[in-house]
Amino acid sequence: SPLRRQDTSGQVAALQQRCSHLEIERDKLADQLALLSAQSRTALQDELMLVAARAELVEVQRQLTLALELLGAREEEIDDLRSTMLEQKTVFQTQIEALLPT
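On a predicted model such as this, the values are computed, not experimentally measured, just so you know.

Draft legend 1. Representation of the overall build of the chain within the structure. Along its length, the chain carries one helix and zero strands. Along the three orthogonal principal directions, the C-alpha set of the chain runs to about 150 × 15 × 10 Å. The proportion of buried residues among the 102 residues of the chain is 0%. Accessible surface for the chain amounts to roughly 9800 Å². Of this, 61% is attributable to carbon and sulfur atoms. Here the chain contributes 11 positive and 17 negative side-chain charges, whose respective centroids are spaced 19 Å apart.

Structure below.
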């Protein structure tokens, strides 16, 4: 019957329109998924770089601590040598003064 065909045609048109809208929505979601996947990869790369940078920072801090300890030890050695040198200078001056006629 013609009425039934019109009703079926209307349903087909409505379903085709619905299908078209769903395809558009699917394409939008696929684009969003691609964007989010790229952002996720970038975030993962950033995280890996951050982990590496933190490990490098820990190593640099360790080396700095060691260098400061060595510097402190050298300064102690220098202070000891200065003290010894001043003591020797005093001893030599006393010896020289003892040898000089008065």
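Draft legend 2. Region of the structure containing the pattern of salt bridges. All told, the structure shown has four salt bridges when counted by the stated rule. In this structure, R26 and D27 form a salt bridge, with 3.2 Å as the shortest nitrogen-oxygen distance. For D27, a relative accessible area of 40% puts it in the partly exposed group.

Draft legend 3. Representation of the environment of V12 within the structure. In this structure, V12 sits in helix α1 (residues 2-99). Given a relative accessible area of 40%, V12 falls into the partly exposed group. Distance in space between the C-alpha atoms of V12 and S40 is 41 Å, their sequence separation being 28 residues.

Parameters at a glance
- Residues numbered from 1 in each chain as written.
- Predicted model: local features only at pLDDT ≥ 70, side-chain atom pairs only at ≥ 80, totals over all residues.
- Heavy atoms only, no water.
- Helix = DSSP H or I, 4+ residues; strand = E, 2+ residues; numbered from the N terminus.
- Buried < 20%, exposed > 50% of the residue type's maximum accessible area, 1.4 Å probe, protein only.
- Areas by Shrake-Rupley, 256 points an atom, 1.4 Å probe, with all protein chains shown as cover.
- Lys, Arg positive; Asp, Glu negative; His and termini not counted.
- Charge placed at Lys NZ, Arg CZ, Asp CG, Glu CD.
- Salt bridge = Lys/Arg side-chain N within 4 Å of Asp/Glu carboxyl O.

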